[in-house]
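Spelled out, the chains give:
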Amino acid sequence: MRPVFVAGAAVHPFGKHRELSAAELGYRAVQGLFASTGISPEQVDSGFGGSVYGGSLLAQRVLQRVGVSGPPVYTVENACASGALAVHLGWQAIASGSADCVIAFGTENLSAFGGGTLPLTTADIEIDQGMVMPAAYAMRAQRYLHDFGATVDDLTQVSVKNRRNGAANPRAHFRKEVTPEDVQQSRPVADPLQLLHCCPNSDGAAAVLLCSEEFAKNLGTAYVRMRASVVRSGRFHTSFRDMTWPDITERVARVAYEMAGLRPSDLDLVELHDAFSVAELLHSEALGIAERGQAFKALAAGEFDCGGRVAVSPSGGLLSRGHPVGATGATQICEAYLQLTGQAADLQVPGAEVALTHVTGGGIFGVDNGACAVHILTTN
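K.L.:
Honestly, the sheet that holds strand 10 (residues 311-312) in this entry has me stumped. Any pointers?
P.N.:
Two orientations exist for strands paired in a sheet by backbone hydrogen bonds: parallel and antiparallel. Across the sheet, which stays open at both edges, the ten strands sit in the order 3-2-4-7-1-8-12-11-9-10 with mixed pairing between neighbours. Each end of this open sheet is capped by a strand with a single partner; those strands are strand 3 (73-76) and strand 10. As judged from the eight bridges shared by strand 1 (residues 4-15) and strand 7 (residues 203-211), these two strands associate in the antiparallel manner. The partner of Val6 across the bridge, within strand 7, is Leu210.

As C-alpha coordinates, this is what we get:
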(Lines give C-alpha, C1' and ligand atoms only; values in the text may rest on other atoms or scores of the structure.)
Protein backbone atom coordinates (compact mmCIF):
# COMPACT_ATOMS: atom_id res chain seq x y z
CA MET A 1 0.00 0.00 0.00
CA ARG A 2 1.08 3.58 -0.60
CA PRO A 3 2.26 5.77 2.27
CA VAL A 4 -0.38 8.20 3.55
CA PHE A 5 0.25 11.75 4.75
CA VAL A 6 -1.63 14.38 6.76
CA ALA A 7 -1.09 17.76 5.12
CA GLY A 8 -3.57 19.95 6.96
CA ALA A 9 -5.77 20.19 10.04
CA ALA A 10 -8.48 22.51 11.32
CA VAL A 11 -10.59 22.54 14.48
CA HIS A 12 -13.66 24.54 15.35
CA PRO A 13 -13.05 25.26 19.05
CA PHE A 14 -14.97 23.01 21.42
CA GLY A 15 -17.52 24.40 23.84
CA LYS A 16 -21.23 25.06 24.03
CA HIS A 17 -22.46 26.20 20.62
CA ARG A 18 -26.20 25.78 21.04
CA GLU A 19 -26.96 27.93 18.03
CA LEU A 20 -24.83 25.84 15.64
CA SER A 21 -25.94 22.50 14.21
CA ALA A 22 -23.54 19.61 13.71
CA ALA A 23 -23.59 20.34 9.99
CA GLU A 24 -22.72 23.99 10.56
CA LEU A 25 -19.88 23.10 12.92
CA GLY A 26 -18.57 20.58 10.40
CA TYR A 27 -18.78 23.14 7.62
CA ARG A 28 -16.77 25.66 9.64
CA ALA A 29 -14.02 23.12 10.35
CA VAL A 30 -13.82 22.00 6.71
CA GLN A 31 -13.91 25.59 5.49
CA GLY A 32 -10.99 26.32 7.83
CA LEU A 33 -9.11 23.37 6.35
CA PHE A 34 -9.63 24.69 2.82
CA ALA A 35 -8.47 28.14 3.88
CA SER A 36 -5.31 26.90 5.62
CA THR A 37 -4.22 24.48 2.89
CA GLY A 38 -5.33 26.35 -0.20
CA ILE A 39 -6.85 23.30 -1.87
CA SER A 40 -9.75 23.65 -4.28
CA PRO A 41 -12.96 21.55 -4.28
CA GLU A 42 -11.92 20.00 -7.62
CA GLN A 43 -8.84 18.46 -6.00
CA VAL A 44 -10.86 16.42 -3.47
CA ASP A 45 -11.28 12.82 -4.62
CA SER A 46 -13.44 11.67 -1.73
CA GLY A 47 -14.88 12.78 1.60
CA PHE A 48 -15.71 11.07 4.90
CA GLY A 49 -17.67 12.63 7.75
CA GLY A 50 -18.15 11.08 11.19
CA SER A 51 -20.98 11.92 13.60
CA VAL A 52 -23.21 10.10 16.07
CA TYR A 53 -26.19 12.44 16.30
CA GLY A 54 -25.73 14.65 13.23
CA GLY A 55 -28.35 12.94 11.08
CA SER A 56 -28.35 11.25 7.70
CA LEU A 57 -26.21 12.47 4.80
CA LEU A 58 -24.26 14.75 7.11
CA ALA A 59 -21.01 14.50 5.12
CA GLN A 60 -22.83 15.42 1.92
CA ARG A 61 -24.49 18.41 3.58
CA VAL A 62 -21.16 19.68 4.89
CA LEU A 63 -19.00 19.10 1.83
CA GLN A 64 -21.52 20.46 -0.66
CA ARG A 65 -21.28 23.83 1.09
CA VAL A 66 -17.56 24.02 0.32
CA GLY A 67 -18.09 22.98 -3.29
CA VAL A 68 -17.28 19.28 -3.08
CA SER A 69 -20.13 17.82 -5.08
CA GLY A 70 -20.05 14.70 -7.22
CA PRO A 71 -17.19 12.52 -5.90
CA PRO A 72 -17.90 9.71 -3.43
CA VAL A 73 -18.83 11.05 0.01
CA TYR A 74 -19.58 8.90 3.05
CA THR A 75 -21.32 9.61 6.34
CA VAL A 76 -20.13 7.18 9.04
CA GLU A 77 -21.11 6.39 12.63
CA ASN A 78 -19.18 4.32 15.17
CA ALA A 79 -20.11 5.95 18.49
CA CYS A 80 -17.22 7.97 19.98
CA ALA A 81 -14.86 6.52 17.35
CA SER A 82 -16.87 8.04 14.46
CA GLY A 83 -14.38 10.81 13.62
CA ALA A 84 -11.45 8.40 13.82
CA LEU A 85 -13.33 5.97 11.57
CA ALA A 86 -13.75 8.74 8.98
CA VAL A 87 -9.98 9.27 9.10
CA HIS A 88 -9.34 5.53 8.83
CA LEU A 89 -11.55 5.20 5.76
CA GLY A 90 -9.77 8.17 4.21
CA TRP A 91 -6.45 6.48 4.97
CA GLN A 92 -7.68 3.35 3.20
CA ALA A 93 -8.62 5.37 0.12
CA ILE A 94 -5.17 6.97 -0.13
CA ALA A 95 -3.24 3.80 0.76
CA SER A 96 -5.11 1.74 -1.83
CA GLY A 97 -4.44 4.25 -4.59
CA SER A 98 -8.11 5.01 -5.21
CA ALA A 99 -7.65 8.64 -4.14
CA ASP A 100 -4.87 11.22 -3.87
CA CYS A 101 -6.69 13.81 -1.76
CA VAL A 102 -9.34 13.09 0.87
CA ILE A 103 -11.16 15.22 3.43
CA ALA A 104 -12.04 13.48 6.69
CA PHE A 105 -13.92 15.25 9.45
CA GLY A 106 -15.93 14.69 12.59
CA THR A 107 -18.62 16.90 14.07
CA GLU A 108 -21.18 16.94 16.86
CA ASN A 109 -23.57 19.20 18.71
CA LEU A 110 -24.46 17.68 22.08
CA SER A 111 -26.11 20.82 23.42
CA ALA A 112 -29.22 19.66 21.58
CA PHE A 113 -29.75 17.12 24.36
CA GLY A 114 -29.70 19.72 27.11
CA GLY A 115 -27.19 17.95 29.39
CA GLY A 116 -26.95 14.78 31.42
CA THR A 117 -25.93 11.37 30.11
CA LEU A 118 -26.13 10.87 26.37
CA PRO A 119 -29.08 8.95 24.95
CA LEU A 120 -28.11 5.36 24.19
CA THR A 121 -29.97 2.62 22.37
CA THR A 122 -32.71 1.00 24.43
CA ALA A 123 -32.37 -2.28 22.55
CA ASP A 124 -29.59 -3.40 24.88
CA ILE A 125 -29.97 -5.47 28.03
CA GLU A 126 -27.13 -3.75 29.90
CA ILE A 127 -28.28 -0.24 29.06
CA ASP A 128 -31.80 -1.15 30.15
CA GLN A 129 -30.29 -2.09 33.52
CA GLY A 130 -28.61 1.32 33.87
CA MET A 131 -25.21 0.69 32.29
CA VAL A 132 -24.59 4.25 31.09
CA MET A 133 -21.01 5.46 30.62
CA PRO A 134 -20.54 7.10 34.06
CA ALA A 135 -21.68 3.88 35.71
CA ALA A 136 -19.36 1.72 33.63
CA TYR A 137 -16.31 3.87 34.33
CA ALA A 138 -17.18 4.14 38.02
CA MET A 139 -17.08 0.35 38.24
CA ARG A 140 -13.79 0.30 36.35
CA ALA A 141 -12.40 2.87 38.77
CA GLN A 142 -13.53 0.94 41.85
CA ARG A 143 -11.94 -2.23 40.55
CA TYR A 144 -8.69 -0.49 39.59
CA LEU A 145 -8.37 1.14 43.01
CA HIS A 146 -9.08 -2.17 44.72
CA ASP A 147 -6.71 -4.30 42.63
CA PHE A 148 -3.68 -2.04 42.42
CA GLY A 149 -3.72 0.11 45.54
CA ALA A 150 -4.39 3.42 43.82
CA THR A 151 -6.57 6.03 45.50
CA VAL A 152 -9.14 8.59 44.45
CA ASP A 153 -6.34 11.16 44.76
CA ASP A 154 -4.61 9.41 41.86
CA LEU A 155 -7.73 9.79 39.73
CA THR A 156 -7.83 13.44 40.73
CA GLN A 157 -4.26 14.00 39.53
CA VAL A 158 -5.28 12.93 36.02
CA SER A 159 -7.92 15.67 35.97
CA VAL A 160 -5.51 18.25 37.40
CA LYS A 161 -2.83 17.44 34.80
CA ASN A 162 -5.17 17.49 31.84
CA ARG A 163 -6.97 20.64 32.90
CA ARG A 164 -3.54 22.26 33.30
CA ASN A 165 -2.63 21.22 29.74
CA GLY A 166 -5.96 22.35 28.33
CA ALA A 167 -5.68 25.78 29.93
CA ALA A 168 -3.18 26.66 27.18
CA ASN A 169 -5.26 25.18 24.35
CA PRO A 170 -7.33 27.74 22.39
CA ARG A 171 -9.43 24.87 21.00
CA ALA A 172 -10.42 23.49 24.41
CA HIS A 173 -13.84 23.65 26.04
CA PHE A 174 -12.33 24.30 29.49
CA ARG A 175 -9.33 26.62 29.64
CA LYS A 176 -8.87 26.92 33.37
CA GLU A 177 -6.61 24.98 35.69
CA VAL A 178 -8.15 23.20 38.67
CA THR A 179 -6.73 22.20 42.04
CA PRO A 180 -7.13 18.81 43.70
CA GLU A 181 -9.57 20.50 46.08
CA ASP A 182 -11.65 21.74 43.14
CA VAL A 183 -11.96 18.19 41.84
CA GLN A 184 -12.71 16.66 45.23
CA GLN A 185 -15.36 19.26 46.03
CA SER A 186 -17.16 18.97 42.69
CA ARG A 187 -20.48 17.15 42.91
CA PRO A 188 -20.61 13.34 43.01
CA VAL A 189 -21.53 11.56 39.79
CA ALA A 190 -20.98 7.83 40.36
CA ASP A 191 -18.81 6.69 43.25
CA PRO A 192 -15.82 7.22 43.24
CA LEU A 193 -16.13 9.72 40.38
CA GLN A 194 -16.79 13.41 41.00
CA LEU A 195 -17.91 15.80 38.25
CA LEU A 196 -14.36 16.92 37.45
CA HIS A 197 -13.30 13.30 36.98
CA CYS A 198 -15.63 13.28 33.95
CA CYS A 199 -15.34 14.89 30.52
CA PRO A 200 -17.97 17.44 29.46
CA ASN A 201 -20.58 17.06 26.75
CA SER A 202 -19.27 19.48 24.14
CA ASP A 203 -19.99 20.82 20.67
CA GLY A 204 -17.29 21.09 18.03
CA ALA A 205 -15.76 19.77 14.83
CA ALA A 206 -12.40 18.95 13.26
CA ALA A 207 -11.17 18.21 9.75
CA VAL A 208 -7.96 16.75 8.30
CA LEU A 209 -6.49 16.55 4.82
CA LEU A 210 -5.17 13.10 3.91
CA CYS A 211 -3.15 12.69 0.74
CA SER A 212 -0.46 10.88 -1.20
CA GLU A 213 3.18 11.92 -0.89
CA GLU A 214 3.23 13.52 -4.33
CA PHE A 215 0.11 15.55 -3.55
CA ALA A 216 1.58 16.67 -0.24
CA LYS A 217 4.82 17.82 -1.85
CA ASN A 218 2.97 19.75 -4.54
CA LEU A 219 0.62 21.32 -2.01
CA GLY A 220 3.48 22.95 -0.14
CA THR A 221 2.02 22.78 3.39
CA ALA A 222 3.70 21.04 6.31
CA TYR A 223 2.91 17.34 6.29
CA VAL A 224 3.49 14.26 8.44
CA ARG A 225 3.24 10.57 7.70
CA MET A 226 0.43 8.39 9.02
CA ARG A 227 2.39 5.25 9.81
CA ALA A 228 -0.55 3.26 11.11
CA SER A 229 -4.34 3.41 11.04
CA VAL A 230 -6.12 0.52 12.73
CA VAL A 231 -9.77 -0.03 13.68
CA ARG A 232 -11.22 -3.06 15.44
CA SER A 233 -14.53 -3.94 17.07
CA GLY A 234 -15.11 -5.54 20.45
CA ARG A 235 -15.07 -9.32 20.84
CA PHE A 236 -18.47 -10.56 21.94
CA HIS A 237 -18.75 -12.90 24.91
CA THR A 238 -21.03 -13.29 27.91
CA SER A 239 -18.46 -14.53 30.40
CA PHE A 240 -16.40 -12.54 32.94
CA ARG A 241 -15.10 -9.19 31.76
CA ASP A 242 -12.00 -7.71 33.39
CA MET A 243 -12.98 -4.12 34.16
CA THR A 244 -9.34 -3.06 34.55
CA TRP A 245 -8.10 -4.27 31.15
CA PRO A 246 -9.46 -2.70 27.94
CA ASP A 247 -8.68 -5.69 25.73
CA ILE A 248 -9.76 -3.89 22.57
CA THR A 249 -7.21 -1.11 23.16
CA GLU A 250 -4.39 -3.61 23.65
CA ARG A 251 -5.36 -5.55 20.50
CA VAL A 252 -5.58 -2.47 18.29
CA ALA A 253 -2.37 -0.95 19.64
CA ARG A 254 -0.44 -4.17 19.06
CA VAL A 255 -1.45 -4.17 15.38
CA ALA A 256 -0.70 -0.44 15.03
CA TYR A 257 2.80 -0.77 16.49
CA GLU A 258 3.54 -3.65 14.13
CA MET A 259 2.20 -1.70 11.13
CA ALA A 260 4.30 1.35 12.04
CA GLY A 261 7.41 -0.64 12.94
CA LEU A 262 7.53 1.15 16.29
CA ARG A 263 7.29 0.37 19.99
CA PRO A 264 5.58 2.14 22.88
CA SER A 265 8.96 3.45 24.00
CA ASP A 266 9.26 5.35 20.70
CA LEU A 267 6.25 7.57 21.43
CA ASP A 268 6.73 11.23 22.27
CA LEU A 269 3.07 12.00 22.88
CA VAL A 270 -0.27 10.24 23.16
CA GLU A 271 -3.78 11.62 22.78
CA LEU A 272 -5.98 8.96 24.37
CA HIS A 273 -9.62 8.48 25.27
CA ASP A 274 -9.71 9.96 28.79
CA ALA A 275 -13.48 10.30 28.91
CA PHE A 276 -13.15 9.73 32.66
CA SER A 277 -9.99 10.13 34.72
CA VAL A 278 -9.56 6.40 35.30
CA ALA A 279 -9.57 5.87 31.53
CA GLU A 280 -6.15 7.49 31.22
CA LEU A 281 -4.74 4.92 33.64
CA LEU A 282 -6.46 1.97 31.97
CA HIS A 283 -5.63 2.91 28.39
CA SER A 284 -2.06 4.03 29.01
CA GLU A 285 -1.39 0.56 30.39
CA ALA A 286 -3.15 -1.17 27.49
CA LEU A 287 -1.18 1.01 25.05
CA GLY A 288 2.04 -0.20 26.65
CA ILE A 289 3.34 3.12 27.99
CA ALA A 290 3.01 1.90 31.57
CA GLU A 291 3.09 -1.51 33.20
CA ARG A 292 -0.25 -2.95 34.24
CA GLY A 293 -1.39 -1.48 37.54
CA GLN A 294 1.46 1.06 37.51
CA ALA A 295 0.12 3.98 35.46
CA PHE A 296 -0.89 5.96 38.55
CA LYS A 297 2.72 5.77 39.76
CA ALA A 298 4.07 6.95 36.39
CA LEU A 299 1.58 9.82 36.52
CA ALA A 300 2.65 10.80 40.03
CA ALA A 301 6.31 10.76 38.95
CA GLY A 302 5.61 13.26 36.17
CA GLU A 303 6.27 10.75 33.39
CA PHE A 304 3.04 11.74 31.59
CA ASP A 305 3.66 15.49 31.80
CA CYS A 306 4.49 17.49 28.66
CA GLY A 307 8.15 17.43 29.63
CA GLY A 308 8.06 13.85 30.86
CA ARG A 309 8.88 10.48 29.33
CA VAL A 310 5.77 10.53 27.14
CA ALA A 311 3.30 13.41 27.10
CA VAL A 312 -0.22 12.05 27.65
CA SER A 313 -3.03 14.31 26.43
CA PRO A 314 -0.91 17.46 26.01
CA SER A 315 -3.99 19.08 24.41
CA GLY A 316 -5.91 18.63 27.66
CA GLY A 317 -7.59 15.46 26.47
CA LEU A 318 -11.31 14.88 26.66
CA LEU A 319 -11.32 16.03 30.29
CA SER A 320 -10.36 19.57 29.30
CA ARG A 321 -10.63 19.83 25.52
CA GLY A 322 -14.12 18.32 25.67
CA HIS A 323 -15.86 15.42 24.00
CA PRO A 324 -18.23 16.16 21.10
CA VAL A 325 -18.31 12.44 20.48
CA GLY A 326 -18.25 12.33 16.67
CA ALA A 327 -15.48 14.93 16.49
CA THR A 328 -13.06 13.60 19.09
CA GLY A 329 -11.12 11.10 16.98
CA ALA A 330 -10.54 13.58 14.16
CA THR A 331 -9.52 16.27 16.65
CA GLN A 332 -6.87 14.00 18.15
CA ILE A 333 -5.33 13.68 14.68
CA CYS A 334 -5.35 17.48 14.37
CA GLU A 335 -3.62 17.90 17.73
CA ALA A 336 -0.98 15.33 16.77
CA TYR A 337 -0.42 17.07 13.42
CA LEU A 338 0.09 20.44 15.13
CA GLN A 339 2.59 18.88 17.55
CA LEU A 340 4.63 17.11 14.88
CA THR A 341 4.76 20.16 12.63
CA GLY A 342 5.82 22.46 15.48
CA GLN A 343 2.59 24.45 15.40
CA ALA A 344 1.27 23.58 18.87
CA ALA A 345 2.41 26.90 20.41
CA ASP A 346 2.11 26.78 24.21
CA LEU A 347 1.17 23.09 24.06
CA GLN A 348 4.31 22.07 22.18
CA VAL A 349 6.00 18.89 23.36
CA PRO A 350 9.76 19.45 22.91
CA GLY A 351 11.24 17.42 20.06
CA ALA A 352 7.97 15.65 19.22
CA GLU A 353 8.50 13.22 16.32
CA VAL A 354 6.13 10.31 17.03
CA ALA A 355 2.49 10.65 18.13
CA LEU A 356 -0.23 8.10 18.83
CA THR A 357 -3.95 8.81 18.97
CA HIS A 358 -6.48 6.47 20.52
CA VAL A 359 -10.25 6.55 20.85
CA THR A 360 -12.86 3.97 21.83
CA GLY A 361 -16.50 3.93 20.83
CA GLY A 362 -19.41 3.06 23.04
CA GLY A 363 -20.37 0.11 25.18
CA ILE A 364 -22.88 -2.53 24.18
CA PHE A 365 -23.91 -5.86 25.69
CA GLY A 366 -21.21 -8.50 25.53
CA VAL A 367 -18.21 -6.32 24.56
CA ASP A 368 -15.73 -4.09 26.34
CA ASN A 369 -16.20 -1.37 23.70
CA GLY A 370 -17.98 -1.38 20.38
CA ALA A 371 -15.03 0.06 18.45
CA CYS A 372 -11.49 1.31 18.89
CA ALA A 373 -9.16 3.24 16.58
CA VAL A 374 -5.45 3.88 16.93
CA HIS A 375 -3.36 6.07 14.61
CA ILE A 376 0.39 6.60 14.69
CA LEU A 377 1.92 9.66 13.01
CA THR A 378 5.57 10.52 12.52
CA THR A 379 7.60 13.39 11.15
CA ASN A 380 9.18 11.17 8.49
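K.L.:
Teacher, can you tell me more about the pattern of salt bridges here?
P.N.:
Proximity of charged atoms lets side chains of opposite charge pair with each other. For the structure shown, the criterion picks out 13 salt bridges. The closest approach of N and O atoms between Arg254 and Glu250, which form a salt bridge, is 2.6 Å. Residue Arg254 and its partner Glu250 are both found in helix 9 (residues 247-260); the two are separated by four residues, about one turn of the helix. Its relative accessible area of 45% is what places Arg254 among the partly exposed residues. We classify Glu250 as partly exposed; its relative accessible area is 22%. The salt bridge partner of Asp266 is Arg263, with a shortest N-O separation of 4.0 Å. Under the relative-accessibility criterion, Asp266 is labelled partly exposed at 28%.

K.L.:
What am I meant to see in the packing of helix 1 (residues 22-37) against helix 2 (residues 58-65) here?
P.N.:
Working note: a packed helix pair is described by the angle between its axes plus the distance between those axes. Across the interface, helix 1 lies against helix 2 with an axial gap of 9 Å and an inter-helix angle of 45°. Classified by the angle between their axes, helix 1 and helix 2 sit oblique to one another. The two elements helix 1 and helix 2 meet at a crossing, and its hand is right-handed. Contacts between helix 1 and helix 2 involve Ala22, Ala23, Glu24, Gly26, Tyr27 and Val30 from the first element and Leu58, Arg61, Val62, Leu63 and Arg65 from the second. By residue class, the composition of the contact of helix 1 with helix 2 is seven nonpolar, one polar and three charged.

Basis of the calculations
- Residues numbered from 1 in each chain as written.
- Predicted model: local features only at pLDDT ≥ 70, side-chain atom pairs only at ≥ 80, totals over all residues.
- Heavy atoms only, no water.
- Pairing = 2+ DSSP bridges.
- Helix = DSSP H or I, 4+ residues; strand = E, 2+ residues; numbered from the N terminus.
- Salt bridge = Lys/Arg side-chain N within 4 Å of Asp/Glu carboxyl O.
- Buried < 20%, exposed > 50% of the residue type's maximum accessible area, 1.4 Å probe, protein only.
- Axes fitted to C-alpha atoms, helices over the stretch in contact; angles between N-to-C directions.
- Parallel < 35°, antiparallel > 145°, perpendicular 65-115°, else oblique.
- Left-handed = near helix turned anticlockwise from the far one by under 90°.
- Contact = heavy atoms within 4.5 Å.
- Nonpolar A, V, L, I, M, F, W, Y, C, P; charged D, E, K, R; others polar.

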